Amino acid sequence: ETGVTQSPTHLIKTRGQQVTLRCSSQSGHNTVSWYQQALGQGPQFIFQYYREEENGRGNFPPRFSGLQFPNYSSELNVNALELDDSALYLCASSPRALRETNTGELFFGEGSRLTVL
Amino acid sequence: GNSVTQMEGPVTLSEEAFLTINCTYTATGYPSLFWYVQYPGEGLQLLLKATKADDKGSNKGFEATYRKETTSFHLEKGSVQVSDSAVYFCALRTGGSNYKLTFGKGTLLTVNP
């Protein structure tokens, strides 16, 4: 069983540029979430995708956007990069339960570390 | 809104010492509670969870009990090992199909031989 994989693992951008981060979900998982983890902080929820649609969003501006593809992989796009966007970006996947429940486990990738100069 | 407060780190212990990492939460509704661990250079992994009051989650010698009356979910281990050195995150989730997790800031644990 293949786990969650993310790419690239590290990248450096300059302020104002745009970045795309990629995530392949774990086999059989159709829900993907993205989190931002600043240095020394806990992960913060950015948004979640299910069946190629965003179905939950945290307190992040519109320049953070995403996509989910038919194979359930996902992209996170950030436009007009700012210095404060420097962080570890984590992707997590999970199966969508037939019955709604809050007990579900998220499976995380190792993250993409973005540095904005 | 939902929030999680963890004890400040870093925590440094000797091997075989007793570990407690405090976690308290504020939430609407009835949250599920989780402890995730992040080993150096790796992604977050679920360590244990509890889904209702008085449940005890346990894994790899770690335990945590869901205390609704004190809104707490403290992590404990009776005898830590060097391999337990990692960052530990307390987290909660409320609601139905929304898998959003609210995390604490994390506690860095270093265990010395």
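Quantities reported herein were computed from a predicted structural model and do not represent experimental measurements.

Caption draft 1: Spotlight on the pairing of strand β8 (residues 62-65) of chain B. Residues and elements named next belong to chain B. Examined bridge by bridge, strand β7 (residues 56-59) and β8 share four bridges and lie antiparallel to one another. Looking at the pairing, Ser58 lines up with Glu63 of β8. Where β7 hands over to β8, the hairpin turn is made up of two residues, of which Lys60 adopts a positive phi near 55°. With three bridges connecting them, β8 and strand β9 (residues 75-77) associate as antiparallel partners. Note on β9: the bridge partner recorded for Glu63 is Glu76.

Caption draft 2: Structural context of the nonpolar core. Ranked by internal contacts, the top residues of the largest apolar core, which has 26 residues, are Leu19(B), Trp35(B), Leu47(B), Leu48(B), Phe73(B), Leu75(B) and Tyr88(B). Elements supplying a minimum of two residues to this core: β2 (11-14), β3 (19-21), β4 (23-26), β5 (32-38), β6 (44-50), β8, β10 (86-93) and β12 (107-112) of chain B. Not counting chain neighbours up to four residues away, the residues in contact with Leu19(B) comprise Val11(B), Leu13(B), Phe62(B), Leu75(B), Glu76(B), Lys77(B), Val80(B) and Leu109(B). Of all hydrophobic cores here, the second largest spans 20 residues; its members include Leu11(A), Cys23(A), Val78(A) and Leu81(A).

Caption draft 3: How the structure looks around unusual backbone geometry. The residue after Ser7(A), namely Pro8(A), is reached through a cis peptide bond having omega -10°. With respect to the helices, strands and loops of the structure, Pro8(A) is situated in the loop between β1 (5-7) and β2 (10-13). Omega for the peptide link from Gly9(B) to Pro10(B) comes to -5°, which places this bond in the cis form. Position of Pro10(B) among the secondary structure elements: in the loop between β1 (3-6) and β2. One non-glycine residue, Glu52(A), adopts positive backbone phi at about 65°. Inspection of the secondary structure assignment puts Glu52(A) in the loop between β5 (44-50) and β6 (53-57). The partly exposed category is assigned to Glu52(A), whose relative accessible area is 46%. Of note, Lys60(B) is a non-glycine position whose phi angle comes to about 55°, a positive value. One can find Lys60(B) in the loop between β7 and β8.

Rules behind the numbers
Residues numbered from 1 in each chain as written. Chains lettered and ligands numbered in written order. Predicted model: local features only at pLDDT ≥ 70, side-chain atom pairs only at ≥ 80, totals over all residues. Heavy atoms only, no water. Pairing = 2+ DSSP bridges. Helix = DSSP H or I, 4+ residues; strand = E, 2+ residues; numbered from the N terminus. Core = buried A, V, L, I, M, F, W, Y, C linked by side-chain atoms within 4.5 Å. Buried < 20%, exposed > 50% of the residue type's maximum accessible area, 1.4 Å probe, protein only. Contact = heavy atoms within 4.5 Å.

Just distances and angles here, no functional claims.
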